[in-house]
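The chain contents come next:
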Amino acid sequence: MKIAMVYTSITGNTRELAEEIYRIFLRKSFDIDIYRIEEFQASYVKHYNVVVIGTYTWGNGEIPKEMRGFYHLLESLGCKDMITGVFGTGDCFYPNFCGAVDLFRDMLYVRTHLAAVLKVELMLQKQDVDRCNAFVESILKHAGRRKLQFT
């Protein structure tokens, strides 16, 4: 199973969260590549069974400009066999807390096999590490089930 993590971060909060999730996958001995959105080419998607997306939220619950192309790519592919997960950081002060995560979640639910969603308030805290582990476990569990269905 090949996993890609694609993320964007403006303050460093989503980057920290992405790095924690990446370390958890590595500790479980999974083949995962991590990319900032600027490094990820559209053609890479076909090389992965699992795609994990990390984003912050812009403005009033919007997907950041740099992630919109990736959103539309996944939306147009219609990869129902692809396992996906989405995570992000946000501020509960805003009415659409982690709105970009919600927008990705809704699209991924329809277009892919969405396995997990994780929202973190502002920055990664010690108490969030268990939630990161559960996020990874959910993705791996779904991926394991899908693998059995196709063998």
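Residues numbered from 1 in each chain as written. Predicted model: local features only at pLDDT ≥ 70, side-chain atom pairs only at ≥ 80, totals over all residues. Heavy atoms only, no water.

Engineer: Summarise the overall build of the protein; cite the residues concerned and give the values.
Structural biologist: Across its full length, the protein holds four helices and five strands. Going residue by residue from the N terminus, the α and β elements of the protein occur as β-α-β-β-α-β-α-β-α. Radius of gyration (C-alpha) of the protein: 14 Å, near the 15 Å computed for a compact globule of 151 residues. By principal-axis analysis of the C-alpha atoms, the protein measures approximately 45 × 35 × 25 Å. A burial count over the protein gives 47% of its 151 residues as buried. Relative to all contacts within the protein whose residues are 6 or more apart in sequence, the contacts with residues 24 or more apart total 77%. Surface accessibility of the protein: about 7,800 Å² in total, with carbon and sulfur atoms responsible for 52%. For the protein, the distance from the average site of its 19 positive side-chain charges to the average site of its 18 negative ones is 6 Å. (Helix = DSSP H or I, 4+ residues; strand = E, 2+ residues; numbered from the N terminus. Rg over C-alpha atoms; globule rule 2.2 N^0.38 Å. Buried < 20%, exposed > 50% of the residue type's maximum accessible area, 1.4 Å probe, protein only. Contact = heavy atoms within 4.5 Å. Areas by Shrake-Rupley, 256 points an atom, 1.4 Å probe, with all protein chains shown as cover. Lys, Arg positive; Asp, Glu negative; His and termini not counted. Charge placed at Lys NZ, Arg CZ, Asp CG, Glu CD.)

Engineer: Outline the sheet that holds strand β1 (residues 2–7), supporting the account with residue identities and numerical values.
Structural biologist: Pairing is parallel across the open sheet formed by five strands, whose spatial order is β2-β1-β3-β4-β5. Of all strands in the sheet, those with a lone pairing partner are β2 (31–36) and β5 (113–121), marking the two edges. The sheet shows a mean angle of 15° between the axes of neighbouring strands, taken without regard to direction. Along the sheet, helix α1 (residues 13–27) contacts β1, β2, β3 (50–56), β4 (83–90) and β5; its crossing angle with β4, the most-contacted strand, is approximately 140°. Strands in contact with helix α3 (residues 99–111) are β3, β4 and β5; relative to β5, the strand with the most contacts, it is inclined by about 175°. (Pairing = 2+ DSSP bridges. Axes fitted to C-alpha atoms, helices over the stretch in contact; angles between N-to-C directions.)

Engineer: Give me the lowdown on the confidence of the model for the protein, citing residues and values where you can.
Structural biologist: The predicted coordinates should not be examined in detail at positions where pLDDT is low. Considering every residue of the protein, the mean pLDDT works out to 92; 96% of them sit at 70 or more. Averaged pLDDT values for the elements of the protein fall to 82 in helix α4 (residues 129–150) and rise to 97 in β3. (pLDDT = per-residue confidence, 0-100.)

Engineer: Break down helix α2 (residues 65–77) for me, citing the residues and quoting the values.
Structural biologist: Helical geometry note: an α-helix holds 3.6 residues per turn, so side chains three or four residues apart project in the same direction. For α2, the full list of buried residues reads M67, F70, Y71, L73 and L74. With its buried residues spanning 160° around the axis, α2 presents them on a single face. Summarising the geometry of α2, the exposed residues directed more than 90 degrees from the buried face are K65, G69 and S76. Downstream of α2 by a residue or two, G78 has a phi angle that is positive, lying close to 60°. (Arc of directions from axis to C-beta.)

Engineer: Give a detailed account of the pattern of salt bridges, specifying residues and quantitative values.
Structural biologist: Any two side chains of opposite charge can pair, given that their charged atoms come close. Evaluation of the coordinates by the stated rule reveals 11 salt bridges. A salt bridge links E19 to R15, with the shortest nitrogen-to-oxygen separation between them at 3.4 Å. Here R15 and E19 lie together in helix α1, a separation of four residues that amounts to about one turn. For R15, a relative accessible area of 32% puts it in the partly exposed group. The closest approach of N and O atoms between K28 and E137, which form a salt bridge, is 2.5 Å. With K28 in the loop between α1 and β2 and E137 in helix α4, this pair connects stretches of sequence that are 109 residues apart. Through salt bridges with shared partners, a single ionic network connects D102, R105, D106 and K119. (Salt bridge = Lys/Arg side-chain N within 4 Å of Asp/Glu carboxyl O.)

Engineer: Got a sec to walk through the side chain of T89? Specific residues and values, please.
Structural biologist: Tracing the chain through its elements places T89 in strand β4. Taking relative accessible area as the criterion, T89 reaches 5% and is therefore assigned buried. Here T14 takes part through its side chain, which lies 2.7 Å from a polar atom of the side chain of T89. (Polar contact = N/O pair within 3.5 Å; in protein donor to acceptor, adjacent residues only side chain to side chain.)

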